[in-house]
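Architecture and fold: a report
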Amino acid sequence: MAECGRRGIVVTNAGDVYSDDVADAAIGLLIDVMRRITSGDRFVHDGCWTTSREYPLGAKLGGKRVGIVGLGNIGSRVATRLEAMGCIVSYTSSQKKQSTRFTFYPNILQLAFDSDALVLRCALTNNTRHMIYNKVMKALGKKGIIVNVARGALIDEVELVKCLVEGEIGGVGLDVFENEPNAPRELFELDNVVFCFMQRPLPMNHSMMLLRL
């Protein structure tokens, strides 16, 4: 920053230009995993539909208990969208938000016990690194879903791979990874795993919005 000042370079950030798009991406990943959209697409593209009429049913989003990990700017937008879709929303955060009606949980483990899915939208710090570990995944349960649109290292990726391969959780939607750009290859063939990437496709008009900041 000091060097930018010396050179007369203006430094800014994107503000909340991308906030709605990140929230939309989180909802999209959750619906995709629950309704098995990507795996269904693969089923048809691979020609499996012509030889087999059997395909696992997906799950309904409405009525599900979804826990938001980090109820900040984007987390709040995710929560609002989920509530409109009929979900029961709760959250954990660094502190209880007095301005929200959503139920607060003091820690991630309690939230996982009472949730069908978790959406991660908190910052990566020494305290939050690997906050989603084996015990949290098992508390979420065999049908539980994790969506991470925050930072990859929030999840213990080794334990995540193990739990998914062994069927300890229901599925994941990830657009961030612990060792980017390398996604865990063990998950490539699993139908309950949906990958995206952090530079997820965004509306083209955002470039002009950033220039106006």
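Described in the following lines is the structure provided in the data block. All values reported here derive from a predicted model rather than from experimental measurement. (Residues numbered from 1 in each chain as written. Predicted model: local features only at pLDDT ≥ 70, side-chain atom pairs only at ≥ 80, totals over all residues. Heavy atoms only, no water.)

Okay, the overall build of the chain next. For the chain, the count of helices and strands is eight helices and seven strands. For a compact globule of 213 residues, the expected C-alpha radius of gyration is about 17 Å, and the chain comes in at 18 Å, within 12% of that figure. By principal-axis analysis of the C-alpha atoms, the chain measures approximately 65 × 40 × 35 Å. Taken across its 213 residues, the chain has 42% of its residues classed as buried. For the chain, contacts bridging at least 24 residues in sequence account for 60% of all contacts bridging at least 6. Summed over all atoms, the accessible surface of the chain reaches about 12300 Å², with 53% contributed by carbon and sulfur. Each charge class in the chain was averaged separately, 25 positive and 23 negative side chains, and the resulting centres sit 5 Å apart. (Helix = DSSP H or I, 4+ residues; strand = E, 2+ residues; numbered from the N terminus. Rg over C-alpha atoms; globule rule 2.2 N^0.38 Å. Buried < 20%, exposed > 50% of the residue type's maximum accessible area, 1.4 Å probe, protein only. Contact = heavy atoms within 4.5 Å. Areas by Shrake-Rupley, 256 points an atom, 1.4 Å probe, with all protein chains shown as cover. Lys, Arg positive; Asp, Glu negative; His and termini not counted. Charge placed at Lys NZ, Arg CZ, Asp CG, Glu CD.)

Together, Met1, Ile9 and Val11 give the surface a local cluster of nonpolar side chains, amounting to about 330 Å² of exposed area. Relative to the elements of secondary structure, isoleucine 9 occurs in the loop between helix 1 (2-7) and helix 2 (19-35). Judged by its relative accessible area of 46%, isoleucine 9 is partly exposed. (Patch = residues over 30% accessible without salt bridge, like charges linked within 9 Å, V, L, I, M, F, W, Y side chains within 5 Å. Salt bridge = Lys/Arg side-chain N within 4 Å of Asp/Glu carboxyl O.)

Another point: unusual backbone geometry. The omega angle of the peptide bond from glutamate 180 to proline 181 is 5°, so this bond is cis rather than trans. Structurally, the position occupied by proline 181 is in the loop between strand 6 (171-174) and strand 7 (193-195). One non-glycine residue, arginine 36, lies in the positive phi region at around 60°. Within the secondary structure layout, arginine 36 lies in the loop between helix 2 and helix 3 (37-45). Of the residues examined, arginine 36 reaches a relative accessible area of 18% and is grouped as buried. Despite not being glycine, histidine 130 has its phi angle at roughly 60°, a positive value. Topologically, histidine 130 is positioned in the loop between strand 4 (117-120) and helix 6 (134-140).

Let's shift gears to the packing of aromatic side chains. Following the criterion strictly, the structure yields three aromatic pairs and no others. Where tyrosine 91 meets phenylalanine 104, the ring centres are 5.3 Å apart and the plane angle is 55°; that geometry is what we call tilted. Pair noted here: tyrosine 91 is in strand 2 (residues 88-92) and phenylalanine 104 is in strand 3 (residues 103-104), with a separation of 13 residues, a long-range link. Assessed through its relative accessible area of 0%, tyrosine 91 is described here as buried. Between phenylalanine 188 and phenylalanine 195, the aromatic rings sit 5.9 Å apart at their centres with planes inclined by 75°, giving edge-to-face as the arrangement. One aromatic cluster in this structure is built from Phe177, Phe188 and Phe195. (Phe/Tyr/Trp six-rings, centres within 6.5 Å; stacked < 30°, edge-to-face > 60°.)

Counted according to the given criterion, the structure contains nine salt bridges. Here arginine 7 makes a salt bridge to glutamate 3, at a shortest N to O gap of 2.7 Å. Placement of both arginine 7 and glutamate 3 in helix 1 is noted, with a separation of four residues, approximately one turn of the helix. A relative accessible area of 37% places glutamate 3 in the partly exposed class. The residue aspartate 191 makes a salt bridge to arginine 42 at a minimum N-O spacing of 2.7 Å. Taken together, the positions of aspartate 191 in the loop between strand 6 and strand 7 and arginine 42 in helix 3 put the pair 149 residues apart, joining distant regions of the chain. The class of aspartate 191 is partly exposed, set by a relative accessible area of 36%. What makes arginine 42 partly exposed here is its relative accessible area of 28%. One network of salt bridges, with partners in common, ties together Asp20, Asp24, Arg77 and Arg81.

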